Amino acid sequence: MTARESFGDLRPPARVLLGPGPSDVDPRVLRAMATPVIGHLDPEFLRVMDETRELLRAAFRTENRLTVAMSGTGSAGMETTLVNFLEPGDKAVVCVNGVFGQRMADIVERTGAEPVVVSAPYGRIIDPADVKKALAQAGGPVKLVALVHLETSTGVWQPVEDIAALAKEHGALFVLDTVTSLGGVPVEVDRWGVDAAYSGTQKCLSAPPGLSPVTVSDRARQVLHARARKVQSWYLDLSMIEQYWGDDRAYHHTAPISMIYALREALRIAHEEGWENRFARHRRVGRALQAGLQAMGLELLAQEGFRAPMLTTVGVPEGVDEAAVRRYLLSRYGIEIAGGLGDFRGRAWRIGTMGHSARPRNVTLVLAALAEALRVQGRRVSAEAALEAAADVLAEVPAGGG
Ligand SMILES: *Cc1c(COP(=O)(O)O)cnc(C)c1O
């Protein structure tokens, strides 16, 4: 095979990213990525890493020494926090109320450990009483309890503290997925007693996909260092990764330089905004969107009282072609939203208001565009009612958010 003579320039269209990630990337982050690549052991780069780690600790609200950015997307972080602690024959309680909890159970199984699944229907939170029961009935020590903070397949925002305390009571490590929550709602690694948390760069941190921030408590580090066998993944082995991020600076694999630049800049932006202000912005923008959708007569699928502000699942009305609406939004307005996953496939849209995408103008835009798309499908909904309901909430957002 020979390639054609020439290929066109790369010209991705302008989009408004209102799906479950990636979210819109701040131009400052793109500029940071275009700065010169230097060596991964260059003293200047090591300084950039140190600053990135300091910012990550602030994001996770932790003093954990072992705080790094794993090379890979959020799923690499998920795999890291499971394969480093689990050995064949171990038991792990995994909370499953959506696609990402299911993915954790799958990874646990692949380590040779035994997943003890605690489940809840899509759209509902995990009940701590069910976790308590599972721990009591596990028939032996449980090595680890794993939970998703913000289930991106359902839009459910899970309370963490009770389940973290149960894990601790049973001497199990507590692993928390914060891929969608970090940077959008408070994540309190030290206060909640989280032993290992992981995130991703492309959701509420608004950098491109490619890194997975991970933080590990000293207690979990001891479990890692007391393993009987080597970690089955060479690439994700934290006992080696920590030597590169720590004082030894030992080469393990080449750090993705430009992605670290991106993460540092994204975290610097959040730091400048102020984490509390950032949470408040997500809360208001999410509430405005949800108020607008309800005013339009649409049904929100996440349990009331536990709806995530940055990912909203909304039911597709009877007789409406789910995919056709998404195609309409994309082709006519350049807006990306997503369809349902797992049990919600074909039944839901997922609208993300994450990081740089969590802005008032995007709420107004997507509500108006969605009302129009539904009209084209023969479904008359009131855009005016939706925009009014949203505007009432958005009036509380400080000016300048655009
Ligand atoms: C997106 C996501 C992941 C997976 O991250 P990738 O970057 O797609 O690998 C894991 N957990 C949750 C909750 C997510 O939203």
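Residues numbered from 1 in each chain as written. Predicted model: local features only at pLDDT ≥ 70, side-chain atom pairs only at ≥ 80, totals over all residues. Heavy atoms only, no water.

Peer 1: Is there a simple way to think about the pattern of salt bridges in this case?
Peer 2: It is possible for side chains bearing opposite charge to pair when their charged atoms get close. Overall, the coordinates contain 25 salt bridges when judged by the stated rule. Of the charged contacts, one joins Asp50 and Arg249 as a salt bridge, the two residues approaching to 2.8 Å between their closest N and O atoms. Placement of the pair is Asp50 in helix α2 (residues 43-60) and Arg249 in the loop between α9 (238-245) and α10 (257-273), with a sequence separation of 199 residues. Looking at Asp50, the relative accessible area reads 29%, which means it is partly exposed. A salt bridge links Glu188 to Arg61, with the nearest nitrogen and oxygen atoms 3.1 Å apart. You can see Glu188 sitting in the loop between β8 (173-177) and α7 (189-192) and its partner Arg61 sitting in the loop between α2 and β2 (66-71), a full 127 residues away along the chain. The class for Glu188 is buried, based on a relative accessible area of 12%. (Salt bridge = Lys/Arg side-chain N within 4 Å of Asp/Glu carboxyl O. Helix = DSSP H or I, 4+ residues; strand = E, 2+ residues; numbered from the N terminus. Buried < 20%, exposed > 50% of the residue type's maximum accessible area, 1.4 Å probe, protein only.)

Peer 1: Can you walk me through the sheet that holds strand β11 (residues 311-315) in this structure?
Peer 2: Strand pairing in a sheet relies on backbone hydrogen bonds, with the paired strands running either antiparallel or parallel. One open sheet holds the three strands; their spatial order is β11-β14-β13, and the pairing between them is antiparallel. Two strands in the sheet have a free side with no partner beyond their single neighbour: β11 and β13 (338-339). Bridge count between β11 and strand β14 (residues 348-352): five bridges; the pairing is antiparallel. Opposite Gly315, over in β14, you have Ala348 as the bridge partner. Docked against the sheet, helix α11 (residues 275-295) engages β11 and β14, running at close to 5° with respect to β11. (Pairing = 2+ DSSP bridges. Contact = heavy atoms within 4.5 Å. Axes fitted to C-alpha atoms, helices over the stretch in contact; angles between N-to-C directions.)

Peer 1: Help me understand helix α3 (residues 74-83) in this model?
Peer 2: A turn of α-helix holds 3.6 residues, and therefore any two residues three or four places apart point the same way. The element α3 is extensively covered by neighbouring structure, given that eight of its ten residues are classed as buried. Every buried residue of α3 is accounted for by Gly74, Ala76, Gly77, Met78, Thr80, Thr81, Leu82 and Val83.

Everything listed here is a matter of coordinates, which is why it stays silent on function.
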